[in-house]
Amino acid sequence: MRTIIIAAIALAATASIKAQDINAVLKSIEQNNVELKALQKGNEAAGIEIKSLNTLEDLSIEYSPFFQSKVSGIASSELVITQGFDFPTLYGARKKAGKLQRNVLDMQYQTARRDILLNAKKLCLDIINYNKQKQLLQERRKNADELLAMFKVKFDNGEATSLELNKIKLDRMNLETELVQADTKHANALQQLQALNGGLPIEVNMNEYPAVPADNDQTMYEKAVATDWNVRTAQASILAAEQEVKVNKQSWIPKLEIGYRRNTDGDMASNGFLVGGSIPLFSSKNKVKIAKARQSEAVMQHANARINAENSARALVNQMKQLKASVDAYDVPLMRQTLKLLRTAVENGEISVTDYYVEAENIYKNMTTYMDIERQYQDVVTEIYKNEL
């Protein structure tokens, strides 16, 4: 019983963390995402395959019985056991090449992991945005309910018109529709997160965006370029390609073969060692040229990846600055204070319901725009720091 209680407490604590921390959500997705699990198994298989290419050749065993017409049974026989292997330096070169190739696979996995977690974090930001929208809509609906109750009394007392009453009812109706739409968007985003989490349920009930790192623009740019997984993968590919050139430059070295040979002729038998080799006159043709061409390709891919990373980082930092300026331009406390003053004015009969809604709608529109810009700002910041996920 005690074990069950402890497990239940631990499960509740985990759920609480998931509900409040984006990092906990990302950690869960990293553990449960089916695509990442498949990539891990694929890399494991590829790593074993790379390693198997640098092992000794299989032992060869040949047995040849010979028959003669005047001899019953086997007249003579030949047994040959051979083991082929490459020149020792080639194993060392291939071992290093294999290590570099596995490093490229690891980098590719990290790139895929980054993209999946980036998608997950953006979904979390979407959910936070939907929660903020719902909170504002619920405030507006509560305000509409209170005004409706108040103006029903006024209408019954002849102090309000049917037009004013209907205006409030229409506003409440529209708010109900917008709340349903926000709930639908929230549910869709949560469903996508669950799919990324391997189909397992996941909670995200956060209402506030994560804090933005306090780096200056230049630091943000440098971090985005220096940590970019596409650039790092391309750099690793260059090293692997360079080593492949070194491996193929040794392809002209003959392969060696040693073995044991036994011949029998009746009651007589002879034994001996077998030493031989194969000269790669044709198989090594153009291998170095192919490897060098792939090395040049890797260098160009790296240059292209770096150009893209630099341009993307520069554009994102500029976009972030513009969005930050737009966010700072909105005075949310002033807008909320004005809404309260408008509410007081319509309650005291200082302005009509129609005038109230004209002014209030403009303010609510500005608040919604502010939330949209705030969401875009968070999205850009996430893109800048995506390689640190």
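Residues numbered from 1 in each chain as written. Predicted model: local features only at pLDDT ≥ 70, side-chain atom pairs only at ≥ 80, totals over all residues. Heavy atoms only, no water.

Participant: For this particular structure, what's the right way to read the overall build of the protein chain?
Facilitator: A count of helices and strands for the protein chain gives 10 helices and 4 strands. If you list the helices and strands of the protein chain from N to C, you get α-α-α-β-β-α-α-α-α-β-β-α-α-α. Computed over its C-alpha atoms, the radius of gyration of the protein chain comes to 36 Å, more than 25% above the 21 Å expected for a compact globule of 389 residues. Projected onto its principal axes, the C-alpha coordinates of the protein chain cover approximately 135 × 55 × 40 Å. (Helix = DSSP H or I, 4+ residues; strand = E, 2+ residues; numbered from the N terminus. Rg over C-alpha atoms; globule rule 2.2 N^0.38 Å.)

Participant: Quick question: what am I supposed to make of the packing of helix 4 (residues 88-156) against helix 5 (residues 162-196) here?
Facilitator: Pairs of packed helices are described in terms of their axes, by the angle between the two and the distance that separates them. Interaxial distance between helix 4 and helix 5 falls to 8 Å at its minimum, and their mutual angle equals 160°. The orientation of helix 4 relative to helix 5 falls into the category roughly antiparallel. The handedness of the crossing between helix 4 and helix 5 is left-handed. Residues of the contact of helix 4 with helix 5, tallied by class, amount to 21 nonpolar, 6 polar and 13 charged. (Axes fitted to C-alpha atoms, helices over the stretch in contact; angles between N-to-C directions. Parallel < 35°, antiparallel > 145°, perpendicular 65-115°, else oblique. Left-handed = near helix turned anticlockwise from the far one by under 90°. Nonpolar A, V, L, I, M, F, W, Y, C, P; charged D, E, K, R; others polar.)

Participant: How should the confidence of the model for the protein chain be read in this particular structure?
Facilitator: Parts of the model with low pLDDT should not have their predicted coordinates read in detail. For the protein chain, the average pLDDT comes to 87, and 93% of its residues sit at 70 or higher. This model gives residues 1-19 a pLDDT under 50, and the stretch forms 13 contacts once residues within four places in sequence are excluded. (pLDDT = per-residue confidence, 0-100. Contact = heavy atoms within 4.5 Å.)

Participant: Got a minute to help me understand a nonpolar patch on the surface in this structure?
Facilitator: Residues Tyr63, Phe67 and Ile74 make up a contiguous nonpolar surface patch of roughly 360 Å² in combined accessible area. One can find Phe67 in the loop between strand 1 (60-66) and strand 2 (76-85). (Patch = residues over 30% accessible without salt bridge, like charges linked within 9 Å, V, L, I, M, F, W, Y side chains within 5 Å. Areas by Shrake-Rupley, 256 points an atom, 1.4 Å probe, with all protein chains shown as cover. Salt bridge = Lys/Arg side-chain N within 4 Å of Asp/Glu carboxyl O.)

Participant: Is there a simple way to think about a positive patch on the surface in this case?
Facilitator: Taken together, Lys51, Lys95, Lys96, Lys99, Arg102, Lys246, Lys249 and Lys292 make up a surface patch of like positive charges. Elements with a minimum of two residues in the positive patch: helix 4 and helix 7 (229-249). With 4 residues, the single largest contributor to the positive patch is helix 4. Note that Lys51 resides in helix 3 (residues 34-52). (Lys, Arg positive; Asp, Glu negative; His and termini not counted. Charge placed at Lys NZ, Arg CZ, Asp CG, Glu CD.)

Participant: What should I look at first to understand the sheet that holds strand 1 in this one?
Facilitator: Strands pair in a sheet through their backbones, by hydrogen bonds, and they do so in one of two ways: parallel or antiparallel. Taken together, the 4 strands give an open sheet; going across it, the order is 1-2-3-4, and neighbouring strands pair in antiparallel fashion. Of all strands in the sheet, those with a lone pairing partner are strand 1 and strand 4 (268-278), marking the two edges. For this sheet, the mean angle separating the axes of adjacent strands, direction not counted, is 15°. With 11 bridges joining them, strand 3 (residues 255-265) and strand 4 adopt antiparallel strand pairing. Within strand 4, the position partnered with Ile258 by the bridge is Val275. (Pairing = 2+ DSSP bridges.)

Participant: How should the packing of helix 2 (residues 22-32) against helix 4 be read in this particular structure?
Facilitator: Packing of helix 2 against helix 4 brings their axes to within 10 Å, and their N-to-C directions diverge by 140°. In this view, helix 2 runs oblique relative to helix 4, as classed from their interaxial angle. Two packed elements cross with a definite hand, and for helix 2 against helix 4 that hand is right-handed. Residues Ile22, Val25, Leu26, Ile29 and Glu30 of helix 2 pack against Arg113, Ile116, Leu117, Ala120, Lys121, Cys124, Leu125 and Ile128 of helix 4. Within the contact of helix 2 with helix 4, the residues separate by chemical class into 10 nonpolar, no polar and 3 charged.

Participant: Teacher, can you tell me more about helix 6 (residues 217-226) here?
Facilitator: One full turn of an α-helix is made of 3.6 residues, so residues set three or four places apart face in the same direction. Listed in full, the buried residues belonging to helix 6 are Met220, Tyr221, Ala224 and Val225. Projected onto a plane normal to the axis of helix 6, the buried residues spread over an arc of 125° and lie on a single side. On its buried side, helix 6 packs onto helix 8 (287-329) and helix 10 (353-384). (Buried < 20%, exposed > 50% of the residue type's maximum accessible area, 1.4 Å probe, protein only. Arc of directions from axis to C-beta.)

Participant: Can you help me understand the nonpolar core in this one?
Facilitator: Generally speaking, a soluble globular protein has its nonpolar side chains buried in company with each other. One finds Leu147, Phe151, Ile168, Met320, Tyr356, Met367 and Ile384 to be the most contacted residues of the largest nonpolar core, which totals 36 residues. Broken down by secondary-structure element, the contributors of at least two residues to this core are helix 4, helix 5, helix 6, helix 8, helix 9 (332-347) and helix 10. Among the elements that make up this core, the one with the highest residue count is helix 10 (14 residues). Among the nonpolar cores identified, the runner-up in size contains 22 residues, and Val25, Tyr109, Ile116 and Leu196 belong to it. (Core = buried A, V, L, I, M, F, W, Y, C linked by side-chain atoms within 4.5 Å.)

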